[in-house]
Structures are given as C-alpha cells and as structure tokens.
Amino acid sequence: MNSPFSTKIVKPDISLSICGYSKVLEIVSNKWTALVVYAMEDGIIRYGDIRRRIEGISKKMLTQTLRQLERNGLVKRVITPSVPPIVEYSLTGLGESLLEPMRALNQWTKENYSQVEQARESYDRVINEE
C-alpha cells in the first residue's frame, strides 16, 4: 500500500540557487538588518541616531549593514557637504514595503515565541535524559 507521505521525487523541486525566497532571506535574516530597518521606519535618520537606537551594534556592523541594505536597494544614503559631512539614511519604497512582512513576523514572535521556548526546553530535557 502506498502511503501519501512516501512520494517518490524524481529530481529536486526546491533549490537554493533559484528560490527567490531564500535569496531574500539571505538579505533580511541577519539580526542587525531587521533592527536597522526598524530604526529607519519613521523616516530620515542620521547614522549616529541609528547607532544610539540599536543596543549593542558596533560602528563596523552598522556600516556593513547599511551598505548591504543600500546595495540591495532598501536604503537610500544622502550626504550633505558640510564640516563634518551630514549623512542621512532613509528607507526606499522597496525598503518600506519590507516593513509590513517584518511587522507580521514580529507579531507572530510576540504571540508564539513562548511556545518555541517551551518546545526547546522539552526537547533538551528529553535529549539530556537519553
């Protein structure tokens, strides 16, 4: 008897190289990326203000994250010539469109993460008893 769960797959139907979803996850799954995007959700913000808003982020990590977001078209950087130069960042339209799914994931986390923690504790307890 054939089980509905034992489907013979002739060739892979899930691929990292062609899956757009996995490519986007590479961009946004970094913990700093989400925090930097959230820091810019209210509009134009200066580098120092972003850094003050995000606990624990180093200058190097903030710079790398902003550059990656800019490269991917999610952030716009504007330099105003002055002494010292004023550098301001804002989300592009594409970056703003990312806020809704990020907020949905944040809401899911608020509603469900305690269950994830409980599952981890149960799993660890069973593994440690073996």
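Look up a bit, the structure's there.
Structural notes, computed from the coordinates. Here the residue numbering is sequential within each chain, running from 1 through the sequence in written order. Reporting in this predicted model follows two pLDDT cut-offs: at least 70 for local features of residues, and 80 or more for side-chain atom pairs to be given and counted; totals over whole chains, interfaces and linings ignore these cut-offs and use all residues. Calculated side-chain values reflect all of the structure's heavy atoms, with hydrogen atoms and water omitted.

**A short note on the overall build of the protein**
Going along the chain from the N terminus, every DSSP run of H or I of four or more residues is numbered as a helix, and every run of E of two or more is numbered as a strand. The helix and strand tally for the protein stands at 5 helices and 3 strands. Each helix and strand of the protein, placed in order from N terminus to C terminus, yields the pattern α-α-β-α-α-β-β-α. Radius of gyration: over C-alpha atoms. The globule rule applied is 2.2 Å multiplied by the number of residues raised to the 0.38 power. What you see for the protein is a C-alpha radius of gyration of 21 Å, clearly larger than the 14 Å of a compact globule of 130 residues, by over 25%. Accessible area is worked out with a 1.4 Å probe on protein chains only. A residue is then buried under 20% of its type maximum, exposed over 50%, and partly exposed in between. For the protein, with 130 residues in total, the buried portion stands at 20%. Here the contacts in the protein between residues at least 6 apart in sequence split such that 44% fall between residues at least 24 apart. For the accessible areas, the method is Shrake-Rupley and the probe is 1.4 Å, while residue cover comes only from the protein chains on display. In the structure as shown, the protein presents an accessible area of about 10,400 Å², 55% of it carried by carbon and sulfur atoms. Each charge sign in the protein was given a centre, from 18 positive and 16 negative side chains, and these centres are 10 Å apart. Residue contacts are defined here by distance: any two heavy atoms, one from each residue, within 4.5 Å place the two residues in contact. Under this rule, positive means Lys or Arg and negative means Asp or Glu; His and the chain ends count for nothing. For this purpose, a charge sits on NZ of Lys, CZ of Arg, CG of Asp or CD of Glu.

**Overview of the pairing of strand β3 (residues 86–91)**
Sheet topology note: the strand β1 (residues 45–46)/β3 ladder contains 2 bridges and is antiparallel. Bridging across to β3, I45 finds its partner in Y89. As paired elements, strand β2 (residues 75–80) and β3 share 6 bridges and run antiparallel to each other. The residue of β3 that forms the bridge with V75 is L91. Here, a strand pair is defined by DSSP locating no fewer than two bridges between the strands. Count of turn residues in the β2/β3 antiparallel hairpin: 5 residues.

**Thoughts on the sheet that holds β1**
Read across the open sheet, the 3 strands follow the order β1-β3-β2; overall the sheet is antiparallel. Sheet topology places β1 and β2 at the edges, where each strand pairs with a single neighbour.

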